[in-house]
Amino acid sequence: MQTLWLNKGEDRRLRAGHLWVFGNEVDSKKSPLSAFAPGEAVTVRDARGGSIGSAFVNPHSLICARLYSRSPETELDAGLLRQRLQAALELRSRLFDQPFYRLCHGEGDLLPGLVIDRFGDHLTLQLGTAGMEVRREAIAACLDELLHPTSLLWDNDLASRSLEGLSRENVLDGPVPRRLELPENGCTFTAPLLDGQKTGWFYDQRANRQEAARYANGADVLDIFCYAGGFGTTAAARGARSVTFLDASPQAVELAGANAARNAPHLTGDGIRTLCGDAFDLLRELHDSGRRFSLICLDPPAFIKRRKDAAQGLAAYRKINALALQLLSPGGVIASCSCSHHLPADELRHCLSLAAARQKTALRLLFAGGQGPDHPVHAAMPETAYLKCFIAQRAD
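Residues numbered from 1 in each chain as written. Predicted model: local features only at pLDDT ≥ 70, side-chain atom pairs only at ≥ 80, totals over all residues. Heavy atoms only, no water.

Engineer: Help me understand the side chain of Arg84, please; the structure alone is not making it clear to me.
Structural biologist: When you line up the elements, Arg84 lands in helix H2 (residues 78-95). Although Arg84 lies buried, it forms no salt bridge, and the closest oppositely charged side chain, Asp109, sits 8.9 Å away as judged by the N-O distance. Contact partners of Arg84, with chain neighbours within four places excluded, come to Tyr68, Ser69, Asp109, Leu110 and Leu111. (Helix = DSSP H or I, 4+ residues; strand = E, 2+ residues; numbered from the N terminus. Buried < 20%, exposed > 50% of the residue type's maximum accessible area, 1.4 Å probe, protein only. Lys, Arg positive; Asp, Glu negative; His and termini not counted. Salt bridge = Lys/Arg side-chain N within 4 Å of Asp/Glu carboxyl O. Contact = heavy atoms within 4.5 Å.)

Engineer: Where do I start with helix H11 (residues 345-358) in this structure?
Structural biologist: An α-helical turn contains 3.6 residues, so a residue and the one three or four places further along point in the same direction. Over its 14 residues, H11 runs 20 Å from end to end, which matches the ideal 20 Å to within 8%, given 1.5 Å per residue. In this structure, the buried residues of H11 make contact with helix H10 (310-326), strand S17 (328-338), strand S18 (363-369) and strand S19 (388-394). (Expected span 1.5 Å × (residues − 1).)

Engineer: Help me understand H10 in this model?
Structural biologist: When the terminal C-alpha atoms of H10 are compared, their 24 Å separation across 17 residues agrees well with the 24 Å that a helix rising 1.5 Å per residue should span. Of all the residues in H10, the buried ones are Gly313, Leu314, Ala316, Tyr317, Ile320, Asn321, Ala322, Leu323, Ala324 and Leu325.

Engineer: Sorry, what's going on with the pairing of strand S8 (residues 122-127) here?
Structural biologist: Note on strand geometry: in a regular strand, side chains alternate between the two faces of the sheet. S8 sits mainly inside the fold: six of its six residues count as buried. Neither face of S8 is exposed, since His122, Thr124 and Gln126 on one face and Leu123, Leu125 and Leu127 on the opposite face are all buried. In this structure, strand S7 (residues 114-119) lies alongside S8, joined through six bridges in antiparallel fashion. If you follow Asp117 over to S8, its bridge partner there is Thr124. (Pairing = 2+ DSSP bridges.)

Engineer: What should I look at first to understand unusual backbone geometry in this one?
Structural biologist: It is generally the case that most residues other than glycine have a negative phi and that most peptide bonds are trans. Of note in the backbone geometry, His148 takes a positive phi value of approximately 50° without being a glycine. One non-glycine residue with positive phi stands out, namely Asn185, at about 50°. Looking at where Asn185 falls in the secondary structure, it is placed in the loop between strand S11 (179-184) and strand S12 (187-192).

Engineer: What exactly am I supposed to notice about the pattern of salt bridges here?
Structural biologist: As a working rule, side chains carrying opposite charge can pair if their charged atoms are close by. The full count for this structure, using the stated rule, is 22 salt bridges. One salt bridge in this structure joins Arg206 and Asp374, with 3.6 Å as the shortest N-O distance. Of this pair, Arg206 sits in helix H6 (residues 206-212) while Asp374 is found in the loop between S18 and S19, placing the two residues 168 residues apart along the sequence. Classification of Arg206 as buried rests on a relative accessible area of 13%. Arg306 is paired through a salt bridge with Asp309; the nearest N and O atoms lie 3.1 Å apart. For Asp309, a relative accessible area of 18% puts it in the buried group. Three or more residues are tied together by salt bridges with common partners; here these are Asp11, Arg15, Asp46 and Arg48.

These results come straight from atomic positions and should not be treated as a statement about function.
This is how it looks when you write it as structure tokens:
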């Protein structure tokens, strides 16, 4: 294995546990990045020759190397891949009694750039790094040995793959279903795979959906950015009086309505409503028409995808939370979420407090949550703790 040399002093963060090496941290005289092939395994050493560990390299990426082992001269071969995937599987088997979960969560499972969602016998995979891309066949072989899946969807439509210089065309192995059923929190959902968002389902919100549903009995529920209705359907199944789903995707609101009807047969007629369009516009229209809700679930897309978009994204989070809170009845409960890792939890909480102040009311915080345990956070990498969820009650 070749050696990737670091500049003086650039080892501190890595020795503290972080896994990413940036291009400006590399001693380009001793180890020019152009000398490495994308995905190549290397030993990372500090300026004095001390070993940091083993990593795979991509000379074309801002994050030019990602550590996967603290031992030098260690290949990310089939044996190590199997060991890491076996450990990931054992953890999920302890957490869940059915095979529906995120099986691998990148750095949190010490496999940087590899995401796998399991839907029973089907697996959806995202390979976001060149290091994982060149090991695609070995990954597939390990999964076949461990799980014997009937189909694999290589979901390559990722912005990170463009940054890594990789193709974004999806690849199907086996009979990948267009839609499938999955159990969660006592409900059964139909989720889109081939034409859905991300990997088809957002397993990371499982615990937060369950928590929000504690306030659902007898409530009029609004599920904003509903996708396939995870929040609203769980609330409907827990005794909501009505549920309104809102999303810009016609497919999403169709699935959300069907999922709610399936899991909450007590809701008939106008008990289930769907609204398709821009959330900001629709929330204003609901407010102007006098509609109010006693449970609101707000789970927007990542408004801050890059650090340079922070100011614009923060403004969007403030606006959407203010619009949502205008629709919350006195004593009602709001679950407000953000999946932008560039938005700190305190900033999301501040968005809620600002919105409450403008309404001349107050919020009583009831719950602070994050991503589920099948999306483990790497303790040395705050970047991997991306999901925030605050549940609060209007206190007036």
